[in-house]
Amino acid sequence: MAQQRFLPELPRLPAPLVAAATAAGAQAQQAYSATLFARRVALAREACPEEHELGKPRLMRLLGEAEVLAEPLRRPRRKLDIAPTNNPQVAMILPGFATHPMRMRYLAQALESAGHITKRWGLGRNWGPDPERFDAIEERLLELHARHGRKVVLIGWSLGGLYAREIAKRQPGSVAKVISMGSPFSGSPRANNVWRAYQFITGHSVDAPPIAAELHVKPPVETVALWSANDGVIGPRCAAGRPGERDRAVAVRCTHMGFTYDPQVIATLLAELESTRG
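Predicted, not measured: the structure shown is a model, and the values here were computed from it.

**Q** Just to check I follow, could you spell out the layout of surface pockets for this structure?
**A** The computed volume of the largest pocket comes to approximately 740 Å³. Around the largest pocket, the lining is made up of 35 residues, and of these Leu159, Leu162, Pro184, Tyr198 and Val206 lie nearest the centre. Looking at the lining of the largest pocket, the elements with two or more residues in it are helix H7 (159–170) and helix H8 (195–202). Partitioning the lining of the largest pocket into residue classes produces 24 nonpolar, eight polar and three charged.

**Q** Explain unusual backbone geometry here, please?
**A** Apart from glycine, the bulk of residues carry a negative phi angle, and the bulk of peptide bonds sit in the trans form. Positive phi values are uncommon outside glycine, yet Ala98 reaches one of about 65°. Note that Ala98 resides in the loop between strand E1 (90–94) and helix H5 (105–113).

**Q** Would you mind showing me how to read the nonpolar core here?
**A** As a rule of thumb, soluble globular proteins bury nonpolar side chains together. Ranked by size, the top nonpolar core spans 29 residues in total, and within it Leu111, Ile155, Met181, Leu226, Phe259, Val265 and Leu269 carry the most contacts. Elements with a contribution of two residues or more to this core: E1, H5, strand E3 (152–157), strand E4 (175–181), strand E5 (223–228), strand E6 (248–252) and helix H10 (263–274). Contact partners of Leu226, with chain neighbours within four places excluded, come to Ile179, Ser180, Met181, Gly182, Ala239, Val250, Phe259, Val265, Thr268 and Leu269.

**Q** Help me understand a nonpolar patch on the surface, please; the structure alone is not making it clear to me.
**A** On the surface, Phe37, Trp127, Phe200 and Ile201 cluster together to form a nonpolar patch covering roughly 380 Å² of accessible area. By the secondary structure assignment, Phe37 is in helix H2 (residues 36–44).

What counts and what doesn't
- Residues numbered from 1 in each chain as written.
- Predicted model: local features only at pLDDT ≥ 70, side-chain atom pairs only at ≥ 80, totals over all residues.
- Heavy atoms only, no water.
- 1 Å grid on protein atoms, 1.4 Å probe; cavity = no way out; pocket = protein on both sides within 12 Å on 5 of 7 lines; lining within 4 Å.
- Points joined across faces, edges and corners; volume = space filled by probe spheres on them.
- Helix = DSSP H or I, 4+ residues; strand = E, 2+ residues; numbered from the N terminus.
- Nonpolar A, V, L, I, M, F, W, Y, C, P; charged D, E, K, R; others polar.
- Core = buried A, V, L, I, M, F, W, Y, C linked by side-chain atoms within 4.5 Å.
- Buried < 20%, exposed > 50% of the residue type's maximum accessible area, 1.4 Å probe, protein only.
- Contact = heavy atoms within 4.5 Å.
- Patch = residues over 30% accessible without salt bridge, like charges linked within 9 Å, V, L, I, M, F, W, Y side chains within 5 Å.
- Areas by Shrake-Rupley, 256 points an atom, 1.4 Å probe, with all protein chains shown as cover.
- Salt bridge = Lys/Arg side-chain N within 4 Å of Asp/Glu carboxyl O.

Given below as structure tokens:
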């Protein structure tokens with residue numbers, strides 16, 4: 001006959017104490033839900049229909065972005081064949097999301113070695129759009145135009161390219177050309193691998209930025225879109241755009257991070273600067 005085991009009965013908490021703990025938990029949950037952090041988490045976990053993400057790079061493309069880790073080893077051995085320009089330009093370079101202008105320094109030095117003048121945007125790390133930041137970029141553009149006495153070429157990487165397009169719509173008289181690099185101005189704003197991180201960091205939806213913008217509308221200046229089929233972050237079609245959304249789409253073969261240092265990108269930018277008029 002199996003031996004019966006007797007377990008002692010655990011003492012029950014008094015009902016008022018249970019009710020108080022339940023109420024406190026509900027209040028804590030309510031307080032958390034009202035915090036900015038909770039809103040950011042909700043934005044990052046937002047449900048998204050599959051069709052809105054169609055065209056985003058596959059996982060293997062995203063993993064390919066890790067090649068940037070080898071760039072410090074390659075750079076000292078790389079020789080760039082850069083000829084002096086016959087058409088020097090003033091260019092303002094706008095960094096990508098969550099990156100510092102120093103990320104663009106190698107590219108800027110290459111353009112400068114040809115005889116062009118490159119300028120930073122003057123706002124440090126790019127943590128996303130807001131009205132104050134756009135006003136500051138606009139002031140920076142006007143200041144460069146006045147100081148150098150000529151229109152400025154806007155070169156923007158990723159999110160920086162979206163800034164460049166929108167600022168050119170505000171001040172077309174100060175812009176000679178817009179060049180975006182891997183910038184998702186066309187199609188779904190979720191056809192990429194970073195929109196959830198973007199929404200968590202910025203605290204707003206990609207559908208509802210804190211500034212008025214029609215990203216697909218072409219600025220009233222010459223507008224060129226650099227895109228890459230090897231981009232592991234942004235959907236290539238979103239960066240290339242459709243006819244009417246840009247004047248030209250130029251294909252290069254680099255990763256998303258490679259837009260800041262790849263020799264083919266540098267050569268393409270030099271050719272675009274050489275052909276700029278205005």
